[in-house]
Amino acid sequence: MPKGEPFKIKMVEPIRLISREEREAALKAAHYNPFFLRSSDVYIDLLTDSGTGAMSQFQWSAMMLGDEAYAGASSYYKLKETVTDITGYEYVIPTHQGRGAEKSAFSQLITRKGMYVVSNMFFDTTRGHAQLAGARPVDLLMDYPTDEFHPFKGNMDTVKLEQFINEHGAENIACIIMTVTNNSAGGQPVSMANIRETYRIAKKYGLLVLFDVARYAENCHFIRMREEGYADKLPIDIAREMFSYGDGLMMSAKKDALVNIGGLLAFRDEELYNKVGGAVVPFEGFLTYGGLAGRDLEAMAVGLREALDPDYLAYRVGQVQYLGELLRSAGVPIQWPVGGHAVFIDAAKFLPHIPWDQFPGHALTAALYLEGGVRAVEVGSLMMGRDPETGENVRSPFEFTRLAIPRRVYTNQHMEDVAEAVINAYKRREEIRGVRFTKEPKVLRHFTAHFDLV
Ligand code: F0G
């Protein structure tokens, strides 16, 4: 097998590391929140893998074919046929991005205040939209230690799921959300067996299962590599089986559809499509464009197929693993094995002197920026927010600093620079301080909060 990336580079975007003094000033001006840094002050931007990937020549050329008709554009039908081919779902609606799909679906499926929505683990916007629609989101993730190998650490605890349904009543549960890969748990995959069992339980109690499939192609790759009986199957065939264990999907196309903007809803039956579609028109746009341009739909249709290419997936997940190995061999505590889109540093272990409510995962993002101009993000108790009833900080089971790798953007040499910054920060970890709020927004606080060092 060749070691190189399965592409060569046709267009370049210059980047540069500004001086330590400039980084200190930039971080202070950003109130110690990486979301307020200017990208020109960042050397390697691992804030997110969302919408930050590089499109292929096939996607760029498809954009020239964009049909900008308001309704029934040919670009929509190309997208629809692709989605139906991969998922088996007949009813497809584009949205402007993942959260547009979440808002439309939850506003229609959550019919009473106080209903539950159950997931292997919610992503922050999914959790936020469930709450905004009046529901109580519940995570039923299997409990695995971060440093212990398990092939599918994103799995739903199906024993707890059935207990939860029996305890609270199926009539009080709006739907089950299966997140693949499981971003908040470290980009960890979910096994086909777990997806199948979750669906079996759901159907036993008449519950709806929707996938949150931002990174489903990466999940298919992990199933192929790690689950018995899938080694000889193509990612697309694994995807088809996976989608057969669900009623529909919400997708942020900014990840595994390899586009810079876009989202999707797709459903097996017309009733659900009609119900949710009713909310798409006022919030997103007509059912065949959902807030996107025709050219965006073209790029998405091509990207959805490219992301299922086995060589692409091996390169993609391989690069994340490469960074993970560099860190692990230097003794840095990380979620092990690494997930599909990011290396998650176990900040609770990296910074044991910082209490969880001084957000060690966030404190480490500041340190990494100062060390090497690397931008990362916290995934932990800061992102969890407060309990809407008690107003108390909710403690996350993990305190992570996420290094999310954009698709087809950086080289492995860049990964070595990132590793050096993390290892240097690890060497002087006792000096890293926790953070406290100087401004704290009510919902999705991590995006816009201001901080000071404790
Ligand atoms: N679901 C998952 C699992 C996600 O990771 C995201 C976004 C969304 C839904 C929402 O999609 O951003 O298109 O509205 N995750 C990004 C991240 C932002 O950095 O992990 P969106």
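As the structure is a prediction and not an experimental result, all values here were calculated from the model. (Residues numbered from 1 in each chain as written. Predicted model: local features only at pLDDT ≥ 70, side-chain atom pairs only at ≥ 80, totals over all residues. Heavy atoms only, no water.)

J.: In this structure, what is going on with the overall build of the chain? I would like to understand it.
T.: Within the chain one finds 17 helices and 14 strands. At 21 Å, the chain has a C-alpha radius of gyration in line with the 22 Å of a compact globule built from 454 residues. The dimensions of the chain, computed from C-alpha atoms along their principal axes, are 55 × 55 × 45 Å. A total of 454 residues make up the chain; the buried ones form 59% of that total. A separation of at least 24 residues holds for 73% of the contacts in the chain among residues at least 6 apart in sequence. Entry remark: accessible area of the chain is about 18600 Å², with carbon and sulfur atoms responsible for 52%. Across the chain, 50 positive and 58 negative side-chain charges occur, with their mean positions spaced 2 Å apart. (Helix = DSSP H or I, 4+ residues; strand = E, 2+ residues; numbered from the N terminus. Rg over C-alpha atoms; globule rule 2.2 N^0.38 Å. Buried < 20%, exposed > 50% of the residue type's maximum accessible area, 1.4 Å probe, protein only. Contact = heavy atoms within 4.5 Å. Areas by Shrake-Rupley, 256 points an atom, 1.4 Å probe, with all protein chains shown as cover. Lys, Arg positive; Asp, Glu negative; His and termini not counted. Charge placed at Lys NZ, Arg CZ, Asp CG, Glu CD.)

J.: Which parts of the structure should I look at to understand the domain arrangement of the chain?
T.: One widely used convention gives an interface's size as the accessible area the parts lose upon coming together. What the domain assignment lists for the chain is domain 1 (20-49 + 309-453) and domain 2 (57-306). Computed over C-alpha atoms only, the centres of domain 1 and domain 2 are separated by 25 Å. Between domain 1 and domain 2 the total buried area reaches about 2900 Å² when both faces are included, carbon and sulfur atoms providing 57% of it. On the domain 1 side of the contact with domain 2, L313, P337 and R407 bury the most area, a combined 18% of that side's loss. Counting every contact that joins domain 1 to domain 2 gives 6 salt bridges. Here R408 makes a salt bridge to E306, at a shortest N to O gap of 3.0 Å. Across the domain 1-domain 2 interface, the total number found is 15 residue pairs in polar contact (both at pLDDT 80 or more). Among the elements of the structure, α12 (310-329), β9 (342-346), α15 (381-384), β12 (400-404) and α17 (445-448) are those that each provide at least two residues to the side of domain 1 that touches domain 2. Considering every element that reaches the side of domain 1 that touches domain 2, the biggest residue donor is α12, with 7 residues. (Domains from an automatic or database assignment. Buried area = accessible area lost by both parts, 1.4 Å probe. Salt bridge = Lys/Arg side-chain N within 4 Å of Asp/Glu carboxyl O. Polar contact = N/O pair within 3.5 Å; in protein donor to acceptor, adjacent residues only side chain to side chain.)

J.: What is the right way to read the site of the ligand from this model?
T.: The immediate surroundings of the ligand are formed by 17 residues, with T48, R99, S252, K255 and R402 found nearest. Separating an oxygen atom of the ligand from a side-chain N or O atom of Q97 is a distance of 2.9 Å. Take S252: an N or O atom from its side chain is 2.6 Å from an oxygen atom of the ligand. Burial of the ligand by the protein amounts to 95% of the accessible area it has alone, namely 470 Å². Counting residues per element, the shell around the ligand draws most heavily on helix α4 (residues 98-109), which supplies 3 residues. The class makeup of the residues in the shell around the ligand is 2 nonpolar, 8 polar and 7 charged. (Near = heavy atom within 4 Å. Nonpolar A, V, L, I, M, F, W, Y, C, P; charged D, E, K, R; others polar.)

J.: Teacher, can you tell me more about the sheet that holds β9 here?
T.: Pairing between the strands of a sheet is mediated by backbone hydrogen bonds and can be parallel or antiparallel. Taken in spatial order, the 3 strands make up an open sheet running β9-β12-β11, and their pairing is antiparallel. A single partner strand is all that each edge strand has here, and the edge strands are β9 and β11 (377-379). Each neighbouring strand pair of the sheet contributes to a mean axis angle of 35 degrees, computed without reference to strand direction. The pairing of β9 with β12 spans 5 bridges and is antiparallel. Within β12, the residue paired with D346 across the bridge is F400. Against the sheet, helix α14 (residues 360-372) touches β9, β11 and β12, its axis set at about 45 degrees to β12. (Pairing = 2+ DSSP bridges. Axes fitted to C-alpha atoms, helices over the stretch in contact; angles between N-to-C directions.)

J.: How should the nonpolar core be read in this particular structure?
T.: Across soluble globular proteins, nonpolar side chains have a tendency to be buried as a group. Core analysis: the biggest nonpolar cluster contains 63 residues, and F211, Y216 and F243 have the highest contact counts within it. Mapped onto the domain boundaries, this core takes at least three residues apiece from domain 1 (20-49 + 309-453) and domain 2 (57-306). Those residues in contact with F211, other than ones at most four positions away along the chain, are Y89, M178, V180, I195, M242, F243, Y245, G246, G248, L249 and M250. In this structure, L46, A347, A363 and A376 belong to the second largest nonpolar core, which totals 33 residues. (Core = buried A, V, L, I, M, F, W, Y, C linked by side-chain atoms within 4.5 Å.)

J.: Just to check I follow, could you spell out the pattern of salt bridges for this structure?
T.: Opposite charge on two side chains lets them pair, provided their charged atoms get close. Within this structure, the stated rule accounts for 27 salt bridges. Between R240 and D237 there is a salt bridge whose closest N-O contact spans 3.2 Å. Separated by 3 residues within a single helix, R240 and D237 lie in helix α9 (residues 235-244), roughly one turn from each other. Taking the relative accessible area as the measure of exposure, R240 reaches 32% and is therefore partly exposed. D237 sits in the partly exposed class, given a relative accessible area of 34%. As a salt-bridge pair, D346 and K349 come within 3.6 Å of each other at their nearest N and O atoms. Using a relative accessible area of 7% as the deciding quantity, one classes D346 as buried. Taking the relative accessible area as the measure of exposure, K349 reaches 42% and is therefore partly exposed. One salt-bridge network, held together by shared partners, links D49, R215, E218, D256, R316 and R407.

J.: I keep staring at unusual backbone geometry and nothing clicks. Help me out?
T.: Glycine aside, residues mostly have negative phi angles, and peptide bonds mostly take the trans form. V180 connects to T181 through a cis peptide bond whose omega is -20 degrees. Here T181 is to be found in the loop between β5 (173-179) and α7 (192-204). If you check the backbone angles, L258 has positive phi at about 55 degrees while not being a glycine. Its location among the elements puts L258 in the loop between β7 (248-252) and β8 (263-267). One non-glycine residue with positive phi stands out, namely R408, at about 65 degrees. With respect to the secondary-structure elements, R408 resides in the loop between β12 and α16 (412-427). By relative accessible area, R408 is classed as buried at 15%.

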